[in-house]
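# Fold and contact review
Residue strings, one per chain:
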Amino acid sequence: MILQSLAGLPAFLVYFCTGLIAIVAYLFVYTRITPYNEFQLIRDNEPAAAISLGLSLLGFVAPLVSAIAHSANVLDCLIWAAIALIVQIIVFFLVKVPVPNLSTRIAAGELAPAIWLGLSSLAAGLLNAACMIY
């Protein structure tokens, strides 16, 4: 019975590691797109950066979860992860339209723009995840 339960372990490890790699890639790309250094701001105890980055990460992970659950194989999963990353980058630029100085305000520690960006990223990610159910 235990061996039967562990039969799926190799697939679990492949998809789990694929997910981790996708998350690291997302954080690498996303933090290069933004004009401020999120990780430095977080190290400096700046909640605005942590809120916006953390919620954008959730906005990426939601469709990643959907891609893992619904993909035909690992390559398919990675393609949909790349699409999720592109959606998050687009959202970053779109939410700056009504708040043109968004990046400066987040870097300055203002919470309202950080919450706006983060929740917009999460909303887009949830919509993205729902659209990946194919």
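Predicted model only: the values in this text are computed from it and were never measured.

### Some points on helix H2 (residues 9-33)
Three or four residues apart is the spacing at which side chains of an α-helix point the same way, because the helix has 3.6 residues per turn. Here H2 is 25 residues long and its end C-alpha atoms lie 36 Å apart, about the 36 Å a rise of 1.5 Å per residue gives. Contacts made by the buried residues of H2 are with helix H3 (38-43), helix H4 (47-70), helix H5 (74-95) and helix H7 (111-131).

### Details of unusual backbone geometry
Located in the positive-phi region is Asn 45, a residue other than glycine, with phi close to 65 degrees. As for its position among the elements, Asn 45 is in the loop between H3 and H4. With relative accessibility at 66%, the residue Asn 45 sits in the exposed group.

### Notes on the UniProt feature "transmembrane region" (unreviewed entry) in the chain
Sites flagged by UniProt as "transmembrane region" (unreviewed entry) map to residues 12-29, 49-70, 77-95 and 115-133. Helix makes up 100% of residues 12-29 and strand 0%, with an end-to-end C-alpha separation of 25 Å. With 89% helix and 0% strand, residues 115-133 has end C-alpha atoms that lie 28 Å from one another.

### Re a nonpolar patch on the surface
Together, Ile 2, Leu 6, Leu 9, Phe 12, Leu 13, Phe 16 and Leu 20 give the surface a local cluster of nonpolar side chains, amounting to about 680 Å² of exposed area. At 5 residues, the largest contribution of residues to the nonpolar patch is made by H2. Mapped onto the fold, Leu 20 is located in helix H2.

### Structural notes on the packing of aromatic side chains
Using the criterion set out here, one finds 5 aromatic pairs in the structure. A centroid spacing of 5.5 Å and a plane angle of 25 degrees characterise the contact between Phe 12 and Phe 16, whose relative ring orientation is stacked. Here the residue Phe 12 and the residue Phe 16 both occupy positions in helix H2, the gap between them amounting to 4 residues, near one helical turn. For Phe 12, a relative accessible area of 47% corresponds to the partly exposed category. For Phe 16, a relative accessible area of 45% translates into the label partly exposed. Taking 5.2 Å as the distance between ring centres and 75 degrees as the angle between the ring planes, the aromatic pair formed by Phe 92 and Phe 93 counts as edge-to-face. Its relative accessible area of 1% is what places Phe 92 among the buried residues. These aromatic residues form a ring-pair network of at least three members: Tyr 26, Tyr 30, Phe 60, Phe 92 and Phe 93.

Quick notes on the rules
Residues numbered from 1 in each chain as written. Predicted model: local features only at pLDDT ≥ 70, side-chain atom pairs only at ≥ 80, totals over all residues. Heavy atoms only, no water. Helix = DSSP H or I, 4+ residues; strand = E, 2+ residues; numbered from the N terminus. Expected span 1.5 Å × (residues − 1). Contact = heavy atoms within 4.5 Å. Buried < 20%, exposed > 50% of the residue type's maximum accessible area, 1.4 Å probe, protein only. UniProt positions renumbered as here; feature names shortened; annotations may be inferred. Patch = residues over 30% accessible without salt bridge, like charges linked within 9 Å, V, L, I, M, F, W, Y side chains within 5 Å. Areas by Shrake-Rupley, 256 points an atom, 1.4 Å probe, with all protein chains shown as cover. Salt bridge = Lys/Arg side-chain N within 4 Å of Asp/Glu carboxyl O. Phe/Tyr/Trp six-rings, centres within 6.5 Å; stacked < 30°, edge-to-face > 60°.

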